[in-house]
Amino acid sequence: MTDREDSWHQPLRHLRATDLSADTGQTPGMQRLEAISSKTVGSERVWMGQTQVSPRTASGDHHHGDSETAIYVVSGHPVFVFAEDGEEVRLETSPGDYVFVPPFTPHREENPTETDAVVVIARSSQEAIVVNLPGLTGG
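Everything numeric in this text was worked out from a predicted model, so none of it was measured.

Procedures and definitions
- Residues numbered from 1 in each chain as written.
- Predicted model: local features only at pLDDT ≥ 70, side-chain atom pairs only at ≥ 80, totals over all residues.
- Heavy atoms only, no water.
- pLDDT = per-residue confidence, 0-100.
- Helix = DSSP H or I, 4+ residues; strand = E, 2+ residues; numbered from the N terminus.
- Polar contact = N/O pair within 3.5 Å; in protein donor to acceptor, adjacent residues only side chain to side chain.
- Contact = heavy atoms within 4.5 Å.
- Phe/Tyr/Trp six-rings, centres within 6.5 Å; stacked < 30°, edge-to-face > 60°.
- Lys NZ or Arg CZ within 6 Å of the ring centre and 35° of its normal.
- Core = buried A, V, L, I, M, F, W, Y, C linked by side-chain atoms within 4.5 Å.
- Buried < 20%, exposed > 50% of the residue type's maximum accessible area, 1.4 Å probe, protein only.
- Pairing = 2+ DSSP bridges.
- Axes fitted to C-alpha atoms, helices over the stretch in contact; angles between N-to-C directions.

1. Some thoughts on the confidence of the model for the protein chain
For step 1, the next point in the chain: Of all residues in the protein chain, 95% have pLDDT values of 70 or greater, and the mean over the chain is 91.
For step 2, the next point in the chain: Of all the helices and strands in the protein chain, helix H1 (residues 3–7) carries the lowest mean pLDDT, 62, while strand S8 (residues 98–101) carries the highest, 98.

Here it is as structure tokens:
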């Protein structure tokens, strides 16, 4: 049997919600939990996790390096803020919505409501690249 044939017979990995780890890149004002990664399951090209923003809270400004980020809103009404032409743009979301964050795009998450906002995140890198920034426009 060749290595390629063996790769077709790898076991599935199951992580319970209680198995998620906060031992990943963090940004003030939010909590990231790592689920699928090279550390947890040996993934090579994807990172997946969950983020929670508490009520009436905003994260710090940050970007995720050269990773593309896909976000699925599980609960709450998080607001995703980025800069376009020097002005802040606010994307107001609801459960079931998706948001795409291009590589190196400064942004922040806000939760203006009284309930937790929870999102699932997938990235095109097996690690959670987090670069905290002093602002959305680099200044």
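2. Regarding the side chain of threonine 93
For step 1, the next point in the chain: Looking at the secondary structure, you find threonine 93 in the loop between strand S7 (87–92) and S8.
For step 2, the next point in the chain: At 2.6 Å, the side chain of threonine 93 and the backbone oxygen of proline 78 are in polar contact.
For step 3, the next point in the chain: Those residues within four positions of threonine 93 in sequence are excluded, and the remaining contacts are Val73, Gly76, His77, Pro78, Phe80 and Val99.

3. Brief notes about the packing of aromatic side chains
How two aromatic rings sit relative to each other is set out by the distance from centre to centre and by the angle between their planes.
For step 1, the next point in the chain: This model, assessed by the stated rule, comprises one aromatic pair.
For step 2, the next point in the chain: Summarising the aromatic geometry, the rings of tyrosine 72 and tyrosine 98 are spaced 4.9 Å apart at their centres and angled 50° between planes, so their arrangement reads as tilted. With a gap of 26 residues between them, tyrosine 72 in strand S5 (residues 69–75) and tyrosine 98 in strand S8 connect regions that are remote in the sequence.
For step 3, the next point in the chain: Positioned above the aromatic ring of tryptophan 47, the side-chain terminus of arginine 123 is 4.9 Å from the ring centre.

4. Section: the nonpolar core
For step 1, the next point in the chain: Within the largest apolar cluster, nine residues are counted, these being Trp47, Ile71, Val73, Phe80, Val99, Val101, Val119, Ile121 and Ala128.
For step 2, the next point in the chain: Of all the secondary-structure elements, those providing two or more residues to this core are S5, S8 and strand S10 (117–123).
For step 3, the next point in the chain: Discounting residues that sit within four places of it in the chain, isoleucine 121 has contacts with Trp47, Met48, Gly49, Thr51, Thr69, Ala70 and Ile71.

5. Topic: the sheet that holds S5
For step 1, the next point in the chain: The sheet built from five strands is open, its strands ordered S1-S2-S10-S5-S8 with antiparallel pairing. Of all the strands in the sheet, just strand S1 (31–36) and S8 have a single pairing partner and so form its edges. Averaged over all neighbouring strand pairs, the angle between strand axes comes to 25°, with direction disregarded.

6. Focus: unusual backbone geometry
If a residue is not glycine, its phi is most likely negative; likewise, a peptide bond is most likely trans.
For step 1, the next point in the chain: Look at arginine 56: it is not a glycine, yet its phi comes out positive at around 55°.
For step 2, the next point in the chain: Mapped onto the fold, arginine 56 is located in the loop between strand S2 (47–53) and strand S3 (57–58).
For step 3, the next point in the chain: If you check the backbone angles, phenylalanine 104 has positive phi at about 60° while not being a glycine.
For step 4, the next point in the chain: Topologically, phenylalanine 104 is positioned in the loop between S8 and strand S9 (107–111).
For step 5, the next point in the chain: According to the relative accessible area criterion, phenylalanine 104 is exposed, its value standing at 52%.

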